Amino acid sequence: MISTLSTQLGKCKKDINILTDNPSFEYHKLGITSKNIFQTFGRIEPDFFIEEEFLKKSNSKNLKYFSNANIIVLSKDSMWFNKDKVKNPNDEFLLKSLDTISKMQDFGFKKIESKYFYIYISNDC
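S.K.: Explain the overall build of the chain to me, and be specific about the residues and the numbers.
M.R.: A count of helices and strands for the chain gives three helices and five strands. Listing every helix and strand of the chain by position from the N terminus yields α-β-β-α-β-α-β-β. Its C-alpha atoms give the chain a radius of gyration of 14 Å, within 12% of the compact-globule value 14 Å for 125 residues. Here the C-alpha coordinates of the chain stretch approximately 40 × 35 × 25 Å along the principal axes. For the chain, the proportion of its 125 residues judged to be buried stands at 42%.

Spelled out as structure tokens, the structure:
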């Protein structure tokens, strides 16, 4: 994942903010710090990476709490891609998250696949 991201990050003109379901990787090798890593806990929806959506859903309306993720890294072994890990296939958050993941290109992200991860990189990066 680090080598895949390294080649892509050189093209980014903005600060790198990574949203991931697996934050324990050697992000410091990418030249970023822990303040640029945001962990998702059980859902992935547009309000994590689209400012307007965040402001619509947020009670605080404070952008200090917005991840502004321009890279999303999801483990291939996570519940999003491994049906054996899904406890309730009708769970509202799961369905919304699967819908979001299926529309990442519509949200302006390109998908890159590494051995263990799916990496979505914003076209605006």
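Resuming the write-up.
S.K.: I'd like a description of the environment of Ile101, backed by residues and values.
M.R.: Counting through the fold element by element, Ile101 comes out in helix α3 (residues 92–102). On the accessibility criterion, Ile101 (11% relative accessible area) is buried. As for Ile101 and Tyr120, which are separated by 19 residues in sequence, their C-alpha atoms are 9.3 Å apart. Non-local contacts of Ile101, meaning those with residues more than four positions away in its chain, are made with Ile44, Leu74, Trp80, Phe81 and Tyr120.

S.K.: Before we move on, could you go through α3 and cite the residues and values that matter?
M.R.: Those residues of α3 not exposed but buried are Leu94, Ser97, Thr100 and Ile101. Buried residues of α3, viewed axially, fall in a sector of 125°; they line one side. On the buried face of α3, the contacting elements are β3 (71–75) and β5 (117–122). Its side-chain oxygen at 2.9 Å from the backbone nitrogen of Phe93, Asp91 defines the N-terminal cap of α3.

Cut-off values and rules
- Residues numbered from 1 in each chain as written.
- Predicted model: local features only at pLDDT ≥ 70, side-chain atom pairs only at ≥ 80, totals over all residues.
- Heavy atoms only, no water.
- Helix = DSSP H or I, 4+ residues; strand = E, 2+ residues; numbered from the N terminus.
- Rg over C-alpha atoms; globule rule 2.2 N^0.38 Å.
- Buried < 20%, exposed > 50% of the residue type's maximum accessible area, 1.4 Å probe, protein only.
- Contact = heavy atoms within 4.5 Å.
- Arc of directions from axis to C-beta.
- Polar contact = N/O pair within 3.5 Å; in protein donor to acceptor, adjacent residues only side chain to side chain.

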